[in-house]
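# Commentary on secondary and tertiary structure
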Amino acid sequence: MKILVSHQLNIMLFLSGICFVIAVLTVFTKSMPRKRRNILARLLAAATFLLVFDRYAYMYRGDVSERGYWMVRLSNFLVFFLVLYIVHSITHYIDNVLRQDGKLEETPNRLVLCDILYVVGVALLVISQFTDLYYTFDAQNVYHRTSGYVVCYAMPFLIILLQLSVILQHRHTIRPLIVVSLVVNTIVPMIISIIQLFAYGLSLVNITIALMGVVLYIFVLIDFNEDLAKARTREIEFYKERQRKEHSMFVQTAEALVNAIEAKDKYTNGHSIRVALYSELIAIKAGKPEEECEKVFFAGLLHDVGKIGIADTIINKEGKLTKQEFEEVKRHPVIGYQILSSIKEPPYLSTGARYHHERYDGKGYPDGLKGEEIPEIARIISVADAYDAMTSNRSYRSVMPQDVVRKEIEKGIGTQFDPVFAKIMLELIDEDIKHTIKNMKDWHTVASEELINLSLETGEHSRSS
């Protein structure tokens, strides 16, 4: 106890600095509702001045100068007043919590009584300045308690007791962390006020009340940070759900377009999905990120959407096409580009549609791009498209044997195909012992376990290498 007495002025100075800093921070803490923020800021500012004037009361105690005379009296008056004001601020804080968190429409009667007791307490304090009800000063300007000193503690004590009863009654409507902070801010000062009656010369109550203001701010900040974290989590979940819905809608739209293409061309049933899967396998084996592989898949899925704009008689013609008819077919990349260009997000769909018939040597169509001028996603689809074309029945020929297909792709390295992706396609052919890729015949085989396993094995192979 002696140690506290000897160091209490330093403790007060330190705590008053902390209260002032937190009061300023509270003003700028936008995570709190405005009214609650203002109450806390006023409470902490009052705690700052409480400690400052309590310190002055001790510093000027026994100072018989005129300045000492007025400083001691002013300081003691403000100390008693600020204790009442801080307790009164907590009443308003509890009311705010109950209205916002507990959804109460009216202030509980006991909190109204707290306000009345506050007014009574202030009135008695003013009266005490003229009647020596609470304290008096001797000729040496030293503070002394009087017989009515207990009354000055009775008012804040009764207010705190009423606050505690309200908190406990409505504890189930308030968040647990706030309940704990309020209970601590009522019980601890009550205990300390009882001790204070027997601890003359030590400002336990004032130090404790200021410290409780700091504790209350910390609890409030933790609680609102948890709220913000939950809000961010909900927001993230909302956006994830929206993305899932948008992705699902995108997939359904893509499927609808593919079904339209499939219905138009009876000779290429399943071609779009197979090209999409082959393209994805190439991308996986090339070590592309998962997101990039998905882009390749969907670009491959819609690469032939432009065929919707080609006449059915040409698309389903038996035998070879005339030069004029072939020129008409060569328009489908541009038509596909025009259809998919209206989809601003994702833009890669139109890229795959326009450039998948470009050749690495620059002899392709529609723009005659060469080498790496051709977008990478189109260079991947080009190999996959050629592979499926050669391994599927067409109106002008039957399925080509796998060894012949392999030779054709090998022959096209550096001329028709990008060397890197063509070699990966050759590796896929060589690794595909069960001919899973070759035996892909229709849309429904997308769910084939063999295909899924092949994709996974290919992905693991590329990652391990």
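That block above? That's the structure.
Summary of the structure given here. (Residues numbered from 1 in each chain as written. Predicted model: local features only at pLDDT ≥ 70, side-chain atom pairs only at ≥ 80, totals over all residues. Heavy atoms only, no water.)

### Comments concerning the packing of helix H9 (residues 290–301) against helix H14 (residues 376–390)
As a reminder of what qualifies: In this analysis an axis means a line fitted to C-alpha atoms, helices contributing only their contacting stretch, and an angle means the value between N-to-C directions, from 0 to 180 degrees. Secondary structure elements follow DSSP: runs of H or I no shorter than four residues count as helices, runs of E no shorter than two count as strands, and numbering proceeds from the N terminus. Throughout this description, any angle smaller than 35 degrees is read as roughly parallel, any larger than 145 degrees as roughly antiparallel, any in the 65 to 115 degree range as roughly perpendicular, and the remainder as oblique. We call a crossing left-handed when the near helix sits turned anticlockwise from the far one by less than a right angle, and right-handed when that turn is clockwise. Between two residues, a contact is recorded if the distance between any of their heavy atoms is within 4.5 Å. Ten residues, namely Ala, Val, Leu, Ile, Met, Phe, Trp, Tyr, Cys and Pro, are considered nonpolar, four, namely Asp, Glu, Lys and Arg, are considered charged, and the remaining ones, Gly among them, are considered polar.
Orientation of H9 relative to H14, taken along the N-to-C sense of each, is 60°, at an axis distance of 10 Å. In this view, H9 runs oblique relative to H14, as classed from their interaxial angle. Handedness of the crossing formed by H9 with H14: right-handed. When H9 is examined against H14, the residues Lys-295, Val-296, Ala-299 and Gly-300 are found in contact with a partner set consisting of Ile-377, Ile-380 and Ile-381. Looking at the contact of H9 with H14 residue by residue, the class counts come to five nonpolar, one polar and one charged.

### A closer look at helix H16 (residues 419–431)
For the record, the criterion: Here the expected length of a helix is defined as 1.5 Å per residue gap, with one fewer gap than residues. A 1.4 Å probe rolled over the protein chains alone gives each residue an accessible area, and that area as a share of the maximum for its type sets the label: buried under 20%, exposed over 50%, partly exposed in between. Two N or O atoms count as a polar contact when they lie within 3.5 Å, although within protein this holds only if one can serve as hydrogen donor and the other as acceptor, and sequence-adjacent residues are included solely when both atoms are side-chain atoms.
With 13 residues, H16 ought to run about 18 Å at 1.5 Å a step, and its terminal C-alpha atoms sit 18 Å apart, in line with that. Taken together, the buried positions of H16 are Phe-421, Ala-422, Ile-424, Met-425, Leu-426, Leu-428 and Ile-429. Measuring from the backbone nitrogen of Val-420 back to the side-chain oxygen at the start of H16 gives 2.8 Å, which picks out Asp-418 as the cap.

### Remarks on the packing of aromatic side chains
Here is the rule: Each Phe, Tyr or Trp ring, with Trp reduced to its six-membered ring, pairs with another whose centre is within 6.5 Å; inter-plane angles below 30 degrees give stacked pairs, above 60 give edge-to-face pairs, and intermediate values give tilted ones. Both a distance and an angle decide whether a charge sits over a ring: NZ of Lys or CZ of Arg must be within 6 Å of the ring centre and within 35 degrees of the ring normal.
If you walk through the whole model with that rule in mind, you get 16 aromatic pairs. Relative to Tyr-239, the ring of Phe-238 has its centre 5.5 Å away and its plane inclined at 70°; by these criteria the two rings are edge-to-face. In this structure Tyr-239 comes out as partly exposed when scored by relative accessible area, which is 37%. Taken together, a centroid distance of 5.2 Å and an interplanar angle of 85° make the contact between Phe-297 and Phe-298 edge-to-face. For the pair formed by Phe-297 and Phe-298, the shared burial category is buried. Among the aromatic residues, ring-to-ring pairing joins Phe-80, Tyr-134, Tyr-135, Phe-137, Tyr-143, Tyr-149 and Tyr-153 into one connected group. Taking the ring centre of Tyr-69 as reference, the NZ or CZ of Arg-73 above it sits at 3.6 Å. Over the aromatic face of Tyr-337 sits the side chain of Arg-354, whose NZ or CZ is 4.7 Å from the ring centroid.

### Examining the nonpolar core
Filter applied, for reference: Buried Ala, Val, Leu, Ile, Met, Phe, Trp, Tyr and Cys residues that are joined via side-chain atoms within 4.5 Å together make up what is termed a nonpolar core.
Counting 66 residues, the largest nonpolar core has Tyr-93, Ile-94 and Val-220 as the members making the most contacts within it. The element contributing the most residues to this core is helix H3 (residues 66–100), with 14 residues. In contact with Tyr-93, not counting residues within four places along its chain, are Arg-36, Ile-39, Leu-40, Ile-178, Leu-182, Leu-216 and Val-220.

### Things to note about the packing of helix H12 (residues 332–341) against helix H13 (residues 348–355)
For the pair H12 and H13, interaxial distance at closest approach is 7 Å and the crossing angle is 170°. The orientation of H12 relative to H13 falls into the category roughly antiparallel. In this structure, H12 contributes Pro-333, Val-334, Gly-336, Tyr-337, Leu-340 and Ser-341 to the contact, and H13 contributes Leu-349, Ser-350, Ala-353 and Arg-354. Grouping the amino acids of the contact of H12 with H13 by side-chain chemistry returns six nonpolar, three polar and one charged.

### Quick notes on helix H6 (residues 176–196)
Between its first and last C-alpha atoms H6 spans 30 Å; for 21 residues at 1.5 Å apiece the expected length is 30 Å, and the two agree. Taken together, the buried residues of H6 touch H3, strand E2 (143–145), helix H5 (149–169) and helix H7 (204–264).

### A few points about unusual backbone geometry
Between Tyr-365 and the following residue, Pro-366, the backbone shows a cis peptide bond with an omega angle of 10°. Note that Pro-366 resides in the loop between H13 and H14. In this structure, Asp-132 is a non-glycine residue whose phi angle is positive, near 60°. Mapped onto the elements, Asp-132 comes out in the loop between helix H4 (109–131) and strand E1 (135–137). Its relative accessible area of 41% is what places Asp-132 among the partly exposed residues. You will see that Asn-141, though not glycine, has its phi angle at about 65°, which is positive. Inspection of the secondary structure assignment puts Asn-141 in the loop between E1 and E2.

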